[in-house]
Amino acid sequence: MKDRSLVQIALYAAIFAVLGLLPKFDLPFAGGVPITAQSMGAMLAGVMLGAWRGALSIVLLLFVVALGAPLLAGGRGGLGVFFTPSVGFIFGWVAAAFVTGWLMQAMRRQSVLASALIASVIGGIVVEYAFGIVGLSLKAGLSLADATKACLIFIPGDAIKAVLVALIAQTVARGMPDALLSRHV
């Protein structure tokens, strides 16, 4: 892997960590899964870096979190975070970044705004929730139907994040098209 790719992976892991500095909102009826800005980081990593680099940026962050760094929203870190009701969403970030990046690459002939929005919704919401709902169900002892209902509260915020990621991607594509790596793979 080239040095430039490593720097980009590390940069997006850092951006993801910075999104963890924004306060989390705990929802007691969502099985203990908080609302955070970090799901936007998975969308952004995929849209900007493409499938593999985007996923690797999240893997890098999760490795550092596993070592104990408090980089998840609310200052959470350590191996314990992988045993909470949020675990599905946490591992889902890797898949979300990969799918989002893959879709951006597959739609590289379409407009950046539309591609980024579609990729963020499918990868960053649909795929993310597929992992998150299963994890919530298993760790909180909820049925899949109840876990799905509990996660409905997250959809409006995640839809806003998807729109923001699409707008960011479009802005970057206009000013620095080479920075949108998902379009140059």
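Residues numbered from 1 in each chain as written. Predicted model: local features only at pLDDT ≥ 70, side-chain atom pairs only at ≥ 80, totals over all residues. Heavy atoms only, no water.

**Let's talk about the overall build of the protein chain**
And then number 1: Helices and strands together make up the secondary structure of the protein chain, namely 7 helices and 0 strands.
And then number 2: When the helices and strands of the protein chain are read in sequence order from the N terminus, they spell out α-α-α-α-α-α-α.
And then number 3: Relative to its length of 185 residues, the protein chain is compact, with a C-alpha radius of gyration of 16 Å against a globular reference of 16 Å.
And then number 4: Its C-alpha atoms give the protein chain principal-axis dimensions of roughly 45 × 30 × 25 Å.
And then number 5: Only carbon and sulfur atoms are counted for the fraction: they give 74% of the accessible area of the protein chain, which is about 8,700 Å².
And then number 6: Distance between charge centres in the protein chain, computed from 12 positive and 6 negative side chains, equals 7 Å. (Helix = DSSP H or I, 4+ residues; strand = E, 2+ residues; numbered from the N terminus. Rg over C-alpha atoms; globule rule 2.2 N^0.38 Å. Areas by Shrake-Rupley, 256 points an atom, 1.4 Å probe, with all protein chains shown as cover. Lys, Arg positive; Asp, Glu negative; His and termini not counted. Charge placed at Lys NZ, Arg CZ, Asp CG, Glu CD.)

**Quick look at the packing of aromatic side chains**
And then number 1: Taken as a whole and judged by the stated rule, the model has 5 aromatic pairs.
And then number 2: With a centroid separation of 4.9 Å and an interplanar angle of 70°, the aromatic rings of Phe16 and Trp93 are classed as edge-to-face. Pair noted here: Phe16 is in helix 1 (residues 3–19) and Trp93 is in helix 4 (residues 87–106), with a separation of 77 residues, a long-range link. Each member of the pair, Phe16 as well as Trp93, carries the same accessibility label: buried.
And then number 3: The rings of Phe89, Tyr129 and Phe154 are connected pair by pair, giving a single aromatic cluster. (Phe/Tyr/Trp six-rings, centres within 6.5 Å; stacked < 30°, edge-to-face > 60°. Buried < 20%, exposed > 50% of the residue type's maximum accessible area, 1.4 Å probe, protein only.)

**Describing the confidence of the model for the protein chain**
And then number 1: Summary statistics for the protein chain give a mean pLDDT of 92 and a share of 96% for residues scoring 70 or more.
And then number 2: For the protein chain, per-element mean pLDDT is lowest for helix 1, which scores 91, and highest for helix 4, which scores 97. (pLDDT = per-residue confidence, 0-100.)

**Description of the nonpolar core**
And then number 1: Val47, Ile58, Leu61, Trp93 and Leu180 are the most contacted members of the largest nonpolar core, which has 49 residues in total.
And then number 2: Of all elements in the fold, only helix 1, helix 2 (38–49), helix 3 (51–66), helix 4, helix 5 (112–140), helix 6 (144–151) and helix 7 (155–175) reach the threshold of two or more residues within this core. (Core = buried A, V, L, I, M, F, W, Y, C linked by side-chain atoms within 4.5 Å.)

**Description of the packing of helix 2 against helix 7**
And then number 1: Relative orientation of the contacting elements helix 2 and helix 7 amounts to 35°, with a least axis distance of 9 Å. Crossing angle aside, the handedness with which helix 2 passes helix 7 is right-handed. Facing helix 2, whose interface residues are Ser39, Met40, Met43, Leu44, Val47 and Met48, helix 7 presents Asp158, Lys161, Ala162, Leu164, Val165, Ile168, Ala169 and Val172. (Axes fitted to C-alpha atoms, helices over the stretch in contact; angles between N-to-C directions. Left-handed = near helix turned anticlockwise from the far one by under 90°. Contact = heavy atoms within 4.5 Å.)

**So, helix 2**
And then number 1: End to end, helix 2 covers 16 Å across 12 residues, agreeing with the expected 16 Å (1.5 Å per residue, within 8%).
And then number 2: Among the 12 residues in helix 2, 12 count as buried, and that is most of the element.
And then number 3: Along helix 2, the residues classified as buried are Gln38, Ser39, Met40, Gly41, Ala42, Met43, Leu44, Ala45, Gly46, Val47, Met48 and Leu49.
And then number 4: Where helix 2 is buried, its residues touch helix 1, helix 3, helix 4, helix 5 and helix 7.
And then number 5: In the segment just after helix 2, Gly50 is the residue with positive phi, at about 95°. (Expected span 1.5 Å × (residues − 1).)

**Quick word on the pattern of salt bridges**
And then number 1: Applying the stated criterion to the full structure yields 2 salt bridges.
And then number 2: Its salt-bridge partner being Lys149, residue Asp146 comes within 3.9 Å of it at the nearest N-O pair. In this pair, Asp146 and Lys149 are both assigned in helix 6, 3 residues apart and thus about one turn of the helix distant.
And then number 3: Residue Asp146 is classed as partly exposed on the basis of its relative accessible area of 38%.
And then number 4: Classification of Lys149 by relative accessible area gives exposed; the value is 57%.
And then number 5: Across the pair Asp158 and Lys161 runs a salt bridge whose closest N-O atoms are separated by 3.0 Å. (Salt bridge = Lys/Arg side-chain N within 4 Å of Asp/Glu carboxyl O.)

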